[in-house]
Amino acid sequence: MNAMKPAMMVLALLGLVIYGHAEVYIVTVEGEPVVTYEGGIEGFAATSVDSAEDMDITSESVTSYSLHLEKQHDILLESLFEAGTYKKLYSYRHLINGFAIHGSPEQAEALRRAPGVKYVERDMKVRKLTTHTPQFLGLPTGVWPTGGGFDRAGENIVIGLVDSGIYPHHPSFSTHNYPPYDPLPRYRGKCEIDADTKHSFCNGKIIGAQHFAAAAIAAGAFNPAVDFASPVDGDGHGSHTAAIAAGNNGIPVRLHGHEFGKASGMAPRARIAVYKALYRLFGGFVADVVAAIEQAVQDGVDILNLSVGPNSPPTTTKTTFLNPFDAALLSAVKAGVFVAQAAGNGGPFPKTLVSFSPWITSVAAAVDDRRYKNHMTLGNGQTLPGIGLSPATHWNRTFNLVAANDVMLDSSLAKYSPGDCQRPEVLNKHKVEGNILLCGYSFNFVVGSASIKKVAETAKILGAAGFVLAVENASPGTKFDPVPVSMPGIVITDVSKSMELINYYNSSTSRDWIGRVKDFNATGSIADGLTPELHKSAPQVAVFSSRGPDVKDFSFQDADLLKPDILAPGSLIWAAWTPNGTDEANYVGEGFAMVSGTSMAAPHIAGIAALIKQHHPAWSPAAIKSALMTTASILDRAGRPILAQQYSGTDLLTLVPATPFDYGSGAVDPAAALDPGLVFDAGYEDYVRFLCSVPNIDHHEIMNLTSSACNASSGHPADLNTPSITISHLKGTQTIKRSVTNVADETETYVITARMSPEVAIEANPPAMTILPGAIRDFTVSLTARSITGSYSFGEVVMKGSRGHKVRIPVVAMGYYN
């Protein structure tokens, strides 16, 4: 009897090991759950229903099929694992087909490899966040309810996207389990047919899908093997922007077994019309882009999103506003199409905009309130901050650090840049296994030939406990974004902190006389970086977002027009991705990506414009733009003036007070934009007059592109009825007239005030005015140069209404001598 005690103790210890290291995993398997099962399995009748009210869970068909699913779950588990080594917590049969299991990571991995298993996710305590800008912008509570909720937000509005195509099978664009879309006869676009599957690229949500590549083919740049002669997104960018503008609501964002929130477009019920004109290897050609814009307008889109623009002001025309791209968009606006365009990613430097014209809404990019941070703790007690969307190293313990360059299998392999940790086959698995792999961030990561995703894959293959990527050199302007990975990992982006890490590693590592490592004694641990922090110091203008002043010609002369127009979230935006996507090396093969750029900011405005168009179908593009601009905020969530990310003299990121050249009129406020009180309206003829007023412009060129002749008295560009005032060469006093239309339902009295920095005097007249519903009233703003500083002065005109409306326009001027 006593001889059996040690064996029993061993079994007890094994049980502790299994459950001590076990976690809860959610597993889904092939086969339809009760609510979507339409029959097909012998002996089991269909159980699918259209609503929860229709389901009778006591019926024989539902009972028998749900028991069948549970039995299949048990058969799978019993075929893989011994009884007592795991515990099934739940069988999911009605809404999803799967189960929850308490088991070891090894068992989870075995399930991932098992036939019939769709995916395995570790269950985690997470704060539920969307992607996350709909909440940040107040859409679920302030805008969607006014249109019938998220399931009606943007109903029957068509958003055209000139981009890299779309991945039509993504859940963000699915029509499964969503109310059917009504026919929309006014949209005349077509849907190309997939040559392989013979199926249409459209599904009701996606209402049009076409591609344009004639110029690319003619130039010899198009490769059908990788560029896809179809609307299929071979890049990722197009799917991402489409999902931001109009992706379905409540789509779980899952990567590496973790849910990062639920994704939603700004107008989740809007239709998507795809006009593919960008390609993964070479970008696109203006001829193809213009053809796509023209087709979109002919087809009848309501909103046009352009997360694309020229690399620099055109050199073939003297005036930026008259390039073919902007001229095509002027025609689009004439047809009643609202155009949102990315301002460009050339920031934080001035005059880097690639969106020039007043008929376009140029969108700058903001950092919202969600920030991902992480840190690493060294064995000597130092804490090194960094970024890493990863779980923590296990069991709250430290692990030895091993540098990739110290664990090469052979010194001859140094030619493969082993420090990048891109090739597991050149590193010694025996030495890496169970340790934290230390890698170096080289220029290969900047050019895209190396990726953090590949570092994580290398570390996982070698059995590492985690990885750390040290940035030893960083070029000015290098942008580091957190990348989700499946194992503990961190990037130390601060060069000085990376040097502290390397110095600690070298001082703790003993070597022989020729430099080979005898003992790895440096230790460390990586914290959990999966949970974001929410900050009130948001929004901020993102460092990469292009800045004004706007330019009127290829010699970069300042224009009398404020750009960008508005600020919207554009940093670290989660949205749909295509498995074929190559635009971001860290998200190859993934279904979602977290990407930054004004490309992400523009579709936020396109989607919000769709919501405004839904509420006010008769409004012109200029009226929609005005509503967005005059209600924008210049304060962050803490009530302080918005700040802009900038570089200091030492190339360190710093924060400075933002100006209209950073954010235009301010950060978009969708709820306020639905009810702006007053709008500054303008039409095609107004834009032609603006062109005619630009100094030194070629009037023949205007006639060629617009078929409109210029009058003898051309006026001043600042006379255009925009919701902003910009004068780049203010001499003496200049008086500007503006006209406002009351779009509210009631008469309202507005008090008008103006303020400006002291170098320029400002006066608005009349000081107050009463406006009837639908009426148009004029007011004037006089600017006088008081002193010549060689820099711009900033101010504003504010109109406060008696019924609570507040209309604000920014004023920008630089004084000059007469």
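Keep in mind that this is a model prediction, so the values were computed, not measured.

(A) Examining the overall build of the protein more closely. Counting its regular elements, the protein contains 20 helices and 40 strands. Out of the 818 residues in the protein, the part that is buried amounts to 54%. Partitioning the intrachain contacts of the protein with sequence separation of at least 6 by distance along the chain shows that 73% fall at a separation of at least 24. As displayed, the protein offers around 34,400 Å² of accessible surface, 54% of which is attributable to carbon and sulfur atoms.

(B) Broad picture of the packing of helix α8 (residues 237–246) against helix α15 (residues 598–615). One can describe the packing of α8 onto α15 by two numbers: an axis separation of 7 Å at closest approach and a directional angle of 35 degrees. Relative to α15, α8 is oriented so that their crossing is right-handed. Across the interface between the two elements, His-237, His-240, Thr-241, Ile-244 and Ala-245 of α8 pack against Ser-599, Met-600, Pro-603, His-604 and Gly-607 of α15. The residue makeup of the contact of α8 with α15, split by class, is four nonpolar, six polar and no charged.

(C) Spatial organisation of the sheet that holds strand β34 (residues 733–742). If you trace the four strands from one edge of the open sheet to the other, you get β32-β34-β38-β36, paired in antiparallel fashion. With partners counted over all chains shown, the strands left at the sheet margins are β32 (678–679) and β36 (760–765), one partner each. Of the strand pairs in this sheet, β34 and strand β38 (residues 776–785) are connected by nine bridges, and their pairing is antiparallel. Bridge pairing in β38 links Ile-736 to Val-781.

(D) Representation of the confidence of the model for the protein in the model. For the protein, the mean per-residue pLDDT works out to 85, and 89% of the residues sit at or above 70. The secondary structure element of the protein with the lowest average pLDDT is helix α1 (residues 5–20), at 30, and the one with the highest is β32, at 98. In this model residues 1–20 is a low-confidence stretch, pLDDT under 50, and it forms seven contacts with partners more than four residues away in sequence or in other chains. When the criterion is pLDDT under 50, residues 123–133 qualifies, and its contacts beyond four places in sequence or with other chains add up to 35 contacts.

(E) Focus on the state of the cysteines. One pass over the structure, following the stated rule, counts three disulfides. Here Cys-692 is linked by a disulfide to Cys-710, with a sulfur-sulfur distance of 1.9 Å. Across the S-S bond of Cys-692 and Cys-710 the torsion is about -80 degrees, and the bridge reads as left-handed. Here the residue Cys-692 occupies a position in helix α19 (residues 684–693), and Cys-710 occupies one in the loop between α20 (699–706) and β33 (725–731), the gap between them amounting to 18 residues. Here Cys-692 falls in the buried class, since its relative accessible area comes to 6%. Ordering the disulfide-forming cysteines of the protein by sequence position, one finds them joined as 1-2, 3-4, 5-6.

(F) How the structure looks around the pattern of salt bridges. Applying the stated criterion to the full structure yields 23 salt bridges. Among the ionic pairs, Glu-259 bridges to Lys-262, the shortest N-O distance being 2.8 Å. Given a relative accessible area of 15%, Glu-259 falls into the buried group. Residues Arg-511 and Asp-406 are paired through a salt bridge, measuring 3.0 Å at the closest nitrogen-oxygen approach. In this pair, Arg-511 sits in strand β22 (residues 509–511) while Asp-406 sits in the loop between β18 (399–403) and α11 (429–432), placing the two residues 105 residues apart along the sequence. Each of Glu-70, Asp-74 and Lys-88 takes part in salt bridges that share partners, so that together they form one network.

(G) Summary view of a nonpolar patch on the surface. A surface patch of nonpolar side chains, amounting to about 300 Å² of accessible area, comprises Phe-443, Val-446 and Val-447. Position of Val-447 among the secondary structure elements: in helix α12 (residues 443–447).

(H) Broad picture of the pairing of strand β40 (residues 806–816). Across the 11 residues that make up β40, a large majority, nine, are buried. In this structure, β33 lies alongside β40, joined through five bridges in parallel fashion. From the neighbouring strand, Leu-730 faces β40, where its bridge partner is Gly-815. The sheet contact formed by strand β39 (residues 793–801) and β40 spans eight bridges and is antiparallel. By the bridge assignment for β40, Met-799 is matched with Val-807. Between the antiparallel neighbours β39 and β40 lie four residues, among them Gly-804 with a positive phi of about 100 degrees.

(I) Summary view of the side chain of Asp-560. Mapped onto the secondary structure, Asp-560 falls in the loop between β26 (540–541) and β27 (566–569). Salt bridges are absent for the buried Asp-560, whose nearest opposite-charge side chain, Lys-552, sits at 5.6 Å. A polar contact of 2.6 Å, which involves the side chain of Asp-560, links it to the backbone nitrogen of Ser-728.

(J) Structural context of the nonpolar core. The biggest cluster of nonpolar side chains holds 71 residues, and the ones touching the most others in it are Ile-159, Trp-574, Ile-605 and Leu-628. The leading source of residues in this core is α15, at 10 residues. Ile-605 has contacts with Phe-338, Ala-340, Thr-361, Val-363, Ile-566, Ala-568, Leu-628 and Val-668, leaving out every residue within four places of it along the chain. With 47 residues, the next largest nonpolar core counts Ile-207, Val-308, Leu-322 and Val-339 among its residues.

(K) Just helix α9 (residues 286–299), in detail. With 14 residues, α9 ought to run about 20 Å at 1.5 Å a step, and its terminal C-alpha atoms sit 20 Å apart, in line with that. What α9 keeps buried is the set Asp-288, Val-289, Ala-292, Ile-293, Ala-296, Val-297 and Asp-299. Taken from the residues just after α9, Gly-300 is the one with a positive phi, measuring 100 degrees.

(L) Examining helix α2 (residues 60–80) more closely. Between its first and last C-alpha atoms α2 spans 31 Å; for 21 residues at 1.5 Å apiece the expected length is 30 Å, and the two agree. Where α2 is concerned, the buried positions are Val-62, Tyr-65, Ser-66, His-68, Leu-69, His-73, Leu-76 and Leu-77.

Cut-offs applied
- Residues numbered from 1 in each chain as written.
- Predicted model: local features only at pLDDT ≥ 70, side-chain atom pairs only at ≥ 80, totals over all residues.
- Heavy atoms only, no water.
- Helix = DSSP H or I, 4+ residues; strand = E, 2+ residues; numbered from the N terminus.
- Buried < 20%, exposed > 50% of the residue type's maximum accessible area, 1.4 Å probe, protein only.
- Contact = heavy atoms within 4.5 Å.
- Areas by Shrake-Rupley, 256 points an atom, 1.4 Å probe, with all protein chains shown as cover.
- Axes fitted to C-alpha atoms, helices over the stretch in contact; angles between N-to-C directions.
- Left-handed = near helix turned anticlockwise from the far one by under 90°.
- Nonpolar A, V, L, I, M, F, W, Y, C, P; charged D, E, K, R; others polar.
- Pairing = 2+ DSSP bridges.
- pLDDT = per-residue confidence, 0-100.
- Disulfide = S-S within 2.5 Å.
- Salt bridge = Lys/Arg side-chain N within 4 Å of Asp/Glu carboxyl O.
- Patch = residues over 30% accessible without salt bridge, like charges linked within 9 Å, V, L, I, M, F, W, Y side chains within 5 Å.
- Lys, Arg positive; Asp, Glu negative; His and termini not counted.
- Polar contact = N/O pair within 3.5 Å; in protein donor to acceptor, adjacent residues only side chain to side chain.
- Core = buried A, V, L, I, M, F, W, Y, C linked by side-chain atoms within 4.5 Å.
- Expected span 1.5 Å × (residues − 1).

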